[in-house]
Amino acid sequence: MKVLVINSGSSSIKYQVFAMPEEKVISKGLLERIGESESNLKHTGNDKTKEVKKPVKDHAEGMTLIFSMLTDNEYGVIKDVSEIKAVGHRIVHGGSFTKSTLIDNDVIKAIEEYSDLSPLHNPPNLVGIKACQEILKDAKMVACFDTGFHQTMPEHSYLYALPYEYYEKYKVRRYGFHGTSHKYVYAEALKMLKKDSANIITCHLGNGASVTAIKNGESIDTSMGLTPLEGLIMGTRSGDMDPAIVTYLMDKTGSSTKEMNNILNKKSGLIGISEISNDMRNLIAEADKGNKRASLAIKMFCYRIKKYVGSYMAALGTVDAIIFTGGIGENNAYIRSSVLENMEFFGIKVDHEKNKVARDAASFSHADSKIELLVISTDEEKAIAIDTYNIVK
Ligand code: ADP
C-alpha cells in the first residue's frame, strides 16, 4: 500500500510517500514559499531530484503541483493519484486526542477548535487536509497529533497552579508536543536495550526542543506546555521564565500581546541571547572563533537541558536510558557531553570516545555508567506512515 505523509506548515508542505508495510520511502519533497512571488519545490522520486520554481498561490495549488510530480513520467512514483490509498497528516495540536485517528467531520471540528492554542500550525494543517481531500477523493485520511503521546500525563503534571476554572473553561493545561518523535525513539531504544518496557528520558533537540519523562512506555511529564513555548531554550523560543516578565515588559515597552508573543516565540532563545543566529551550527562556529555571546547561548541551552534531565530523574525514580535525538541531539557530541557532565553521582558517565563518533542507534555510555546513554535518529514521517497504515489496513 502507498501511504502519503503530509506535514503542512504556514507557507510550506513537506511530503514523503512510503511503500507499506516495507516502511520504504519511495519519494519525498518540500514545497516552500507558498503564496510568495516565487515558490520552490524540491522533489525526489525514482532516485532523481528535480527543482521547480514558480509561483504557487495556496496549499491547494501546492498539492496539485506535488501530485503532478508524483505522477510525472520521469520523476514520479505512481501512475495515477488513486494509487495513494491513505494519507497521514501531522497535526500539531490535538487537544485531548490520545492517538492517531481517522479523519471525519468531528476530528476536523476538533482541530479547528484547537487552532486558538496553535494558531501558527493547526490552520495550515487543516488546509493541507482539505487540499488532499479534494484531489484524493477515495483515500483515507489519518490525523497524527504531536500532543497525542503526552495524554497519559497525570493531573499533577499537566495542571498549572492557576485558578482551576481556567482549566475547565479554557482548557489551560500542559499538552506537550513532539510526541511522535518521543514515542518513536523510545520504541527504537527498547529494541536496542532488548527490553519490553523501560523508564527513559528522551531529549528531542532540534530548532524546537523538548524533554519527556517516559515511565514504562507512558509519557508522565514533558517540558513543553499549553503551547510549544515552555521548557527548554530553543532556536528562537525563550522556554521557561518567570511569567511576571511578560507583563513587566509589556508595561515597560508598550508591546501588545501579539508583539510579546512574537518576541517570545521568534526573537528569544539562542538568537535572542547570541544576537547572531538561531542555528546551533553557526553558534558553535562563532563560539570557536571566540564569540562570548555565542558561547553563553550554548552554555545556557545545555544547562537548561541538564536541569530537566535531573528533575525527570527525580520524577521517574529509576532511569534505564537517556536518549538524544533531533538535529542537535543526533549530531553534536559536545552538546551531549556538556548536558551530562558532572552527573556521575546520578549514575551517568559519558564515554567520550564513543560519544565523538555516536550516530544513529549508538550507545555512548561508559562501562561504569548505570544509565544507558543513546543517540537515536528520529523519524516522525516514518512513525506517521506506520500509524496511518495500521489504522487504514
Ligand atoms: P527542526 O526542529 O526544524 O526539525 P532539526 O531537528 O533539523 O530542526 O534541527 C535543527 C538544528 O540542528 C539546528 O540548530 C542545526 O544547527 C542543528 N544541527 C544540525 N547538525 C548539527 C551539528 N553537526 N552540530 C550542531 N548542531 C547541528
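Preceding this section is the structure that the text describes.
Quick caveat, the model's predicted, so the values are computed rather than measured. (Residues numbered from 1 in each chain as written. Predicted model: local features only at pLDDT ≥ 70, side-chain atom pairs only at ≥ 80, totals over all residues. Heavy atoms only, no water.)

1. Considering helix α15 (residues 380-392)
Filter applied, for reference: Helix numbers and strand numbers start at the N terminus; a helix is a DSSP run of H or I with at least 4 residues, a strand a run of E with at least 2. The length a helix should cover is 1.5 Å for every residue beyond the first. Relative accessibility decides the category of a residue: with a 1.4 Å probe and only protein chains considered, values under 20% of the type maximum give buried, values over 50% give exposed, and everything between is partly exposed.
Taking 1.5 Å per residue as the helical rise, α15 with its 13 residues ought to reach 18 Å, and the 18 Å between its terminal C-alpha atoms agrees with that figure. Here α15 has its buried residues at Glu 380, Glu 381, Ala 383, Ile 384, Ala 385, Thr 388, Tyr 389 and Val 392.

2. Quick word on the packing of aromatic side chains
Basically, it comes down to this: In this analysis, rings of Phe, Tyr and Trp, with Trp reduced to its six-membered ring, are considered paired at centre separations within 6.5 Å, and the interplanar angle assigns stacked below 30 degrees, edge-to-face beyond 60, and tilted for intermediate values. When the NZ atom of lysine or the CZ atom of arginine is within 6 Å of a ring's centre and also within 35 degrees of its normal, the charge is said to sit over that ring.
Across all of its chains, the model carries 8 aromatic pairs by this definition. Ring plane angle 25 degrees and centroid distance 6.1 Å describe the contact between Tyr 166 and Tyr 170, whose orientation is recorded as stacked. Taken together, the residues Tyr 166 and Tyr 170, both in helix α5 (residues 164-170) and 4 residues apart, mark about one turn of the helix. Each ring, one from Tyr 308 and one from Tyr 312, has its centre 5.6 Å from the other, and the planes form 70 degrees; the classification is edge-to-face. Within this pair, Tyr 308 and its partner Tyr 312 are both found in helix α11 (residues 292-316), separated by 4 residues, close to a single helical turn. The pair formed by Tyr 308 and Tyr 312 is uniform in burial state, with each residue classed as buried. By the ring-pair criterion, three or more aromatic residues cluster together here, those being Tyr 158, Tyr 164 and Tyr 167. Note that Arg 336 overlies the ring of Phe 364, its terminal NZ or CZ placed 5.3 Å from the centroid.

3. Comments concerning helix α3 (residues 122-135)
Inclusion rule: Any two residues whose heavy atoms approach within 4.5 Å at even a single point are treated as in contact.
In a regular helix each residue adds 1.5 Å, so 14 residues correspond to 20 Å; α3 covers 20 Å between its end C-alpha atoms and thus fits that length. Of all the residues in α3, the buried ones are Asn 122, Pro 124, Asn 125, Leu 126, Gly 128, Ile 129, Ala 131 and Cys 132. Against β1 (2-8), α1 (59-70), β6 (84-91), α2 (105-113) and β8 (140-145) lie the buried residues of α3.

4. Remarks on the packing of α1 against α3
Filter applied, for reference: Axes here mean lines fitted to C-alpha atoms, for a helix over just the part in contact, with angles spanning 0 to 180 degrees between N-to-C directions. Throughout, the term roughly parallel applies to angles under 35 degrees, roughly antiparallel to angles over 145, roughly perpendicular to angles from 65 to 115, and oblique to all others. Crossing chirality is assigned from the near helix's rotation relative to the far helix, an anticlockwise turn below a right angle marking it left-handed and a clockwise turn marking it right-handed. Note on residue categories: nonpolar means Ala, Val, Leu, Ile, Met, Phe, Trp, Tyr, Cys or Pro, charged means Asp, Glu, Lys or Arg, and polar means any other residue, Gly included.
Relative orientation of the contacting elements α1 and α3 amounts to 50 degrees, with a least axis distance of 9 Å. With respect to α3, the axis of α1 lies oblique. Crossing geometry of α1 relative to α3 is assigned as right-handed. Contacts between α1 and α3 involve His 59, Ala 60, Met 63, Thr 64 and Phe 67 on the former and, on the latter, Pro 124, Val 127, Ala 131, Cys 132 and Ile 135. Taken together, the residues of the contact of α1 with α3 break down into 8 nonpolar, 2 polar and no charged.

5. With respect to the environment of Met 300
Within the secondary structure layout, Met 300 lies in helix α11. Linking Met 300 and Gly 269, residues 31 residues apart in sequence, is a C-alpha distance of 9.3 Å. Aside from chain neighbours lying at most four places away, what touches Met 300 is Ile 233 and Ile 273.

6. A short note on unusual backbone geometry
In the segment running from Met 20 into Pro 21, the intervening peptide bond is cis, with an omega of 10 degrees. Mapping Pro 21 onto the fold places it in the loop between β2 (13-19) and β3 (24-32). In the Ramachandran plot, Asn 46 falls in the positive-phi region, its phi being about 55 degrees despite a non-glycine side chain. With respect to the helices and strands, the residue Asn 46 is situated in the loop between β4 (39-45) and β5 (48-54). In this model, Asp 47 sits at a positive phi of 60 degrees, which is unusual for a non-glycine residue.

7. Here's the deal with a nonpolar patch on the surface
To keep it simple, the criterion reads: Like-charged residues are merged into a patch within 9 Å and nonpolar side chains (Val, Leu, Ile, Met, Phe, Trp, Tyr) within 5 Å, provided each residue has over 30% relative accessible area and no salt bridge. For every accessible area listed, the method is Shrake-Rupley and the probe measures 1.4 Å; residues are considered covered only by the protein chains on display. In what follows, salt bridge is the name for a side-chain nitrogen of Lys or Arg lying within 4 Å of a carboxyl oxygen of Asp or Glu.
There is a patch of nonpolar side chains on the surface, built from Met 241, Ile 245, Tyr 248 and Leu 249 and spanning about 330 Å² of accessible area. Here Ile 245 lies in helix α7 (residues 244-253).

8. A closer look at the sheet that holds β3
For the record, the criterion: Think of it this way: DSSP has to see at least two bridges between two strands before they count as a pair.
Read across the sheet, 8 strands follow the order β5-β4-β3-β2-β1-β6-β8-β7 without closing on themselves; strand pairing throughout is mixed. The sheet is open, and its two borders are formed by β5 and β7 (101-102), each paired with just one other strand. Looking at chain direction, β3 and β4 are connected through 6 bridges and run antiparallel. Within the sheet, the bridge partner assigned to Glu 32 lies in β4 and is Asn 40. Across the sheet, α3 lies against β1, β6 and β8, angled at about 170 degrees from β6, the strand it touches most.

9. A short note on the site of the ligand
Formally: Being near a molecule or strand, for a residue, comes down to having at least one heavy atom within 4 Å of it. Any pair of nitrogen or oxygen atoms within 3.5 Å is treated as a polar contact; in protein, a donor-acceptor pairing is required on top of that, and neighbouring residues in sequence qualify only through side-chain atoms on both sides.
In the region of the ligand, the neighbouring residues are Gly 206, Asn 207, Gly 208, Asp 279, Met 280, Arg 281, Ile 284, Gly 326, Gly 327, Ile 328, Asn 331 and Asn 332. Within the backbone of Asn 207, one N or O atom sits 3.0 Å away from an oxygen atom of the ligand. At 3.4 Å, a side-chain N or O of Asn 331 approaches a nitrogen atom of the ligand. For the ligand, the accessible surface in isolation is 580 Å², of which the surrounding protein chains cover 67%. Contributions of two or more residues to the shell around the ligand are made by α10 (280-288) and α12 (326-331). The biggest single contributor to the shell around the ligand is α12, with 4 residues. Each residue belonging to the shell around the ligand can be placed in one class, and the counts come to 3 nonpolar, 7 polar and 2 charged.

10. Here's the deal with the environment of Thr 247
Here Thr 247 lies in helix α7. With a relative accessible area of 49%, Thr 247 lands in the partly exposed category. Measuring from C-alpha to C-alpha, the distance between Thr 247 and Tyr 175 comes to 24 Å, with 72 residues separating the pair along the chain.

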